[in-house]
Amino acid sequence: MIDKSDNKVTEAPAKSRRAVKKAEFDFLLAEYPNIWKSSTEQDIRRMMTFSESYKKFLNIAKTEREFNREAIIMAEKKGFSSIDNIDKLKTGDKVYASVKGKGLLLAVVGKFPMSAGFNILGAHIDSPRLDLKPNPLYEDEEMVFLKTHYYGGIKKYQWTTIPLAIHGVMIRKDGSAISITIGESDDDPVFYITDLLPHLGSEQMSRKGTDIVKGEDLNVLIGGRPVADHDIKHEYKIGVLKLLNEKYGIVEKDFVSAELEIVPAMKARDVGFDRSFIAAYGHDDRVCAYPALMALLDQKNPNKTVICMLSDKEEIGSYGNTGAESKLYENFFVELFAKTNDQYDEVGFRKALSAAKMLSADVSNGFDPKYASVSDPKNSAYMSHGIKLEKYVGSRGKSGTNDANAEFIAEVIRVFEKNKIQWQTGELGKVDEGGGGTISAFMSGYGLDVLDCGVPVLSMHAPYEVISKADLYMTYLAYKAFIKNI
Ligand SMILES: [Zn+2]
C-alpha cells in the first residue's frame, strides 16, 4: 500500500524476537483492559442508551421509597404481581414483595425446584443524606430552619452551599399519608445550608476536616417571611407552618411521624466532552441496584429461580426491619419455597437457601490518580475497566467482612469470561487506610455463597458522585450473565 504522506512504499516490519516472545507469554499475565478501547460503535450505542434510561430513573427515584415505588411500576408492566395474590407458583411466574415500602424483592420462578439452589442479586437502595430530626423546625434571627441528623458516612462540609430538595412522607395523626417532593421541578424552590464567607473563615479553615462544618450546624434554610400579624411570638416559624398547613394539612407535631430526607436537588448529568461519565446523587448504590433490577426484569423462564433483593439501611449497617438483616427478606425466600413446593419443610428450605448463590451488588471506590496515596495501585478498580469483584471488604485486618470462597470466585469468573464480561478486582483502599461494609456479611450467614461485585465510583458518598458509562453497562451485562448462568 502506498503511504501518501511521503510517497514511499511501506513494508511490514520484521517481527522482532522480543515481540514474538511477549505474545508467547501474554497468557501468563493478568490484564484488565479499558472497555472503551475494545468497544464497537454498536457497543457504545448500547452503553449510551442504557445510561439515558439510568439517568431518567435516578431523577425520579432519589430515595429508597421512590426506588421501591418506581421499581414496582416497572415490574408490573413486565408482568410481575404481588406474591400475596398467588397461592401456588409455577415455572415462569413473576412475583414481588414490598418490604414496608422501603425494600423490595422480585423473583422469576425457574424450571428447576428451589432445592437445586437459586440465584440472587442483592443491592441496597438507600443513599447517604440528611434526615430531619423529630423536632426539626425552629426560627433564628428572622429566618426559619430545619434541624437534621446526617444518615450514612458523609463529609459534612460537602453538604453546604448546594441546592437541596426534600423527599419523603408525613403521616398525620389520623393515619393518612402525605408524600412530599419539593425542589426537583425547575419552578420549585430549593433549600440550602449556609457556609461561612472566607473573609471570616480563618478559624473554621484551621479545624480538622470533620469539624469544618459540625453535625449540629447542618441546618437547612427554609423560609424568612413572617405571618401578617406581627405581634405574635415565632411569627417566622408560624409563617412556614401556615404554608405547610394550607398545602398539606399538617401541624408541627406531624414532623414526629415523618420520614423527610434532604437530598441534593441536582439532576444526573453527563460528564466530559466525550460524555464518558455520569455525575449524580446516590450512584451508591443505585448504579448497582438499577442494573440488578433490569437484569431480573429481563429474565424469562430461567432454569433456576432468580431473585433480586433491594434492601434499605445499608448505609447505617443494614439494621431495622427494612435492612438486609431483617427477617422480612428471609420470609420472601420461605414463601417462594413454600409456594413452589406442595408443602413447606424447614430442612428442605434451609438446604435450598444454603445452596443459593448471590452477588452482593454494591459499589466500590474507583482509583483516583489525584488521591492515589490511599490505594494500592495493584489492587484497585480503574474507571471504565469493568465490574469490580471484591473478595472481601471490612477494615483493620479484614474485620467485619464476608470473605468469598475461592471456589465461588472461580465459578463467577468462569461465567463472566464465557459471557465476555470485562471484570477487574481490588480492595477498598490500602491496608489500614480505612474500609467499608456491604450486605454480603449478613447474607453469608445463611450459608449461601456471596461475592461483592459492582461499579467503581469516584467521590463516593459525596452529594454528587461520578461513574463510568462503560462500567455501568458492563455491570448490567455481568448481573444478567450471573443470574441466568451460575
Ligand atoms: Zn455507601
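Right above here is the structure, for reference.
Residues numbered from 1 in each chain as written. Predicted model: local features only at pLDDT ≥ 70, side-chain atom pairs only at ≥ 80, totals over all residues. Heavy atoms only, no water.

*Asks:* I keep staring at the overall build of the chain and nothing clicks. Help me out?
*Replies:* If you tally the helices and strands in the chain, you get 13 helices and 24 strands. Compactness check: the chain gives a C-alpha radius of gyration of 25 Å against a globular reference of 23 Å for 486 residues, within 12% of the reference. Overall, the chain is about 95 × 75 × 45 Å in size when its C-alpha atoms are taken along their principal axes. The buried share of the chain, taken over its 486 residues, is 50%. Restricting the contact set of the chain to residue pairs at least 6 apart, pairs at least 24 apart contribute 75%. Accessible area of the chain: about 24300 Å², with a carbon and sulfur share of 53%. Looking at charge distribution, the chain has the averaged site of its 64 positive side-chain charges lying 5 Å from that of its 69 negative ones. (Helix = DSSP H or I, 4+ residues; strand = E, 2+ residues; numbered from the N terminus. Rg over C-alpha atoms; globule rule 2.2 N^0.38 Å. Buried < 20%, exposed > 50% of the residue type's maximum accessible area, 1.4 Å probe, protein only. Contact = heavy atoms within 4.5 Å. Areas by Shrake-Rupley, 256 points an atom, 1.4 Å probe, with all protein chains shown as cover. Lys, Arg positive; Asp, Glu negative; His and termini not counted. Charge placed at Lys NZ, Arg CZ, Asp CG, Glu CD.)

*Asks:* It is not clear to me how the nonpolar core should be interpreted in this structure. Could you clarify?
*Replies:* In a soluble, globular protein the nonpolar side chains are often hidden away together inside. Membership of the largest hydrophobic core comes to 65 residues, with the highest contact counts inside it found for F67, L106, L310, L359, F416, Y479 and F482. Contacts of L106, omitting those with residues within four sequence positions, involve A75, F80, V95, Y96, L293, L296, L297, V306, I307, C308, L310 and F332. If you look at the next biggest cluster of nonpolar residues, it comprises 34 residues, including I166, L241, Y248 and V263. (Core = buried A, V, L, I, M, F, W, Y, C linked by side-chain atoms within 4.5 Å.)

*Asks:* For this particular structure, what's the right way to read the packing of helix α3 (residues 41–60) against helix α13 (residues 469–485)?
*Replies:* Between two packed helices, both the angle of their axes relative to each other and the distance between the axes serve to describe the pair. Contact geometry for α3 and α13: axes closest at 9 Å, N-to-C directions at 90°. Taken together, the axes of α3 and α13 are roughly perpendicular relative to one another. When α3 is examined against α13, the residues R46, M47, M48, F50, S51 and Y54 are found in contact with a partner set consisting of K469, A470, L472, Y473 and Y476. By residue class, the composition of the contact of α3 with α13 is eight nonpolar, one polar and two charged. (Axes fitted to C-alpha atoms, helices over the stretch in contact; angles between N-to-C directions. Parallel < 35°, antiparallel > 145°, perpendicular 65-115°, else oblique. Nonpolar A, V, L, I, M, F, W, Y, C, P; charged D, E, K, R; others polar.)

*Asks:* Even after reading the chapter, I still don't get the coordination of the zinc ion, so can you show me in this structure?
*Replies:* Expected angles at a metal are 109.5 degrees for tetrahedral coordination by four donors and either 90 or 180 degrees for octahedral coordination by six donors. For the zinc ion, the protein coordination sphere consists of D284 (OD), E315 (OE), E315 (OE) and H461 (NE2), at 1.9 to 2.6 Å. For the zinc ion, the four donor atoms in the first shell make angles of 54 to 144° at the metal, a pattern classed as irregular. For the zinc ion, the single-chain donor residues occur in sequence as D-x30-E-x145-H. Placement of the pair is D284 in helix α8 (residues 283–297) and E315 in the loop between β15 (305–311) and α9 (327–340), with a sequence separation of 31 residues. Taken as a pair, D284 and E315 share a single burial class, namely buried. (Donors = N, O, S within 2.8 Å, 3.2 Å for Na, K, Ca; no water. Tetrahedral: all angles 85-135°; square planar, octahedral: opposite > 155°, others 65-115°.)

*Asks:* What's the story with unusual backbone geometry in this structure? I'm lost.
*Replies:* Between D284 and D285 the backbone carries a cis peptide bond, its omega angle lying at 10°. On the secondary structure map, D285 appears in helix α8. Phi at D432 is positive, roughly 70°, even though this residue is not glycine. Counting through the fold element by element, D432 comes out in the loop between β20 (423–425) and β21 (435–436). A positive phi is found at H461, a non-glycine position, where the angle reads about 70°.

*Asks:* I keep staring at the side chain of R129 and nothing clicks. Help me out?
*Replies:* Looking at the secondary structure, you find R129 in strand β7 (residues 129–140). The exposure class of R129 is buried, given its relative accessible area of 3%. What R129 contacts, discounting residues up to four positions off in sequence, is E64, Y150, Y151, W159, E261, I262, V263 and Y281.

*Asks:* Explanation requested: the pattern of salt bridges in the structure shown.
*Replies:* Pairing is possible between side chains that carry opposite charge, provided their charged atoms lie close to one another. Scanning all chains against the criterion turns up 29 salt bridges. Among the ionic pairs, D298 bridges to K78, the shortest N-O distance being 4.0 Å. With a gap of 220 residues between them, D298 in the loop between α8 and β15 and K78 in the loop between α4 (64–77) and β3 (81–82) connect regions that are remote in the sequence. Using a relative accessible area of 26% as the deciding quantity, one classes D298 as partly exposed. Classification of K78 by relative accessible area gives partly exposed; the value is 40%. Salt bridges linked by common partners bring E52, K55, D270, R275 and K469 together as one network. (Salt bridge = Lys/Arg side-chain N within 4 Å of Asp/Glu carboxyl O.)

*Asks:* What is the right way to look at the sheet that holds strand β6 (residues 118–124) in this model?
*Replies:* Reading across the sheet, the nine strands line up as β3-β4-β5-β15-β6-β16-β22-β18-β20 and stay open at both edges, with mixed pairing between neighbours. Only two strands of the sheet have a single partner each, and these edge strands are β3 and β20. In the packing of α8 onto the sheet, the strands contacted are β5 (103–108), β6, β15 and β22 (449–454), and the crossing angle to β6 comes to about 150°. Packed onto the sheet, helix α11 (residues 406–418) meets β16 (357–360), β18 (387–390), β20 and β22 and runs at close to 50° relative to β22. (Pairing = 2+ DSSP bridges.)

*Asks:* Is there a simple way to think about the packing of α9 against helix α10 (residues 346–354) in this case?
*Replies:* Between α9 and α10, whose axes approach to 10 Å, the crossing angle comes to 115°. Two packed elements cross with a definite hand, and for α9 against α10 that hand is right-handed. The segment α9 lies against α10, with E330, F333, V334 and F337 engaging G348, F349, R350, A352 and L353. The residue makeup of the contact of α9 with α10, split by class, is six nonpolar, one polar and two charged. (Left-handed = near helix turned anticlockwise from the far one by under 90°.)

*Asks:* Please explain the packing of aromatic side chains as it appears in this structure.
*Replies:* Within this structure, the stated rule accounts for 16 aromatic pairs. Here Y138 and F145 contribute two aromatic rings whose centre-to-centre distance is 5.4 Å and whose plane-to-plane angle is 20°, an arrangement assigned as stacked. Accessibility expressed as a relative area gives 12% for F145, which makes it buried. Here the aromatic rings of W159 and Y281 are separated by 6.4 Å at their centres, their planes lie at 85°, and the arrangement is edge-to-face. (Phe/Tyr/Trp six-rings, centres within 6.5 Å; stacked < 30°, edge-to-face > 60°.)

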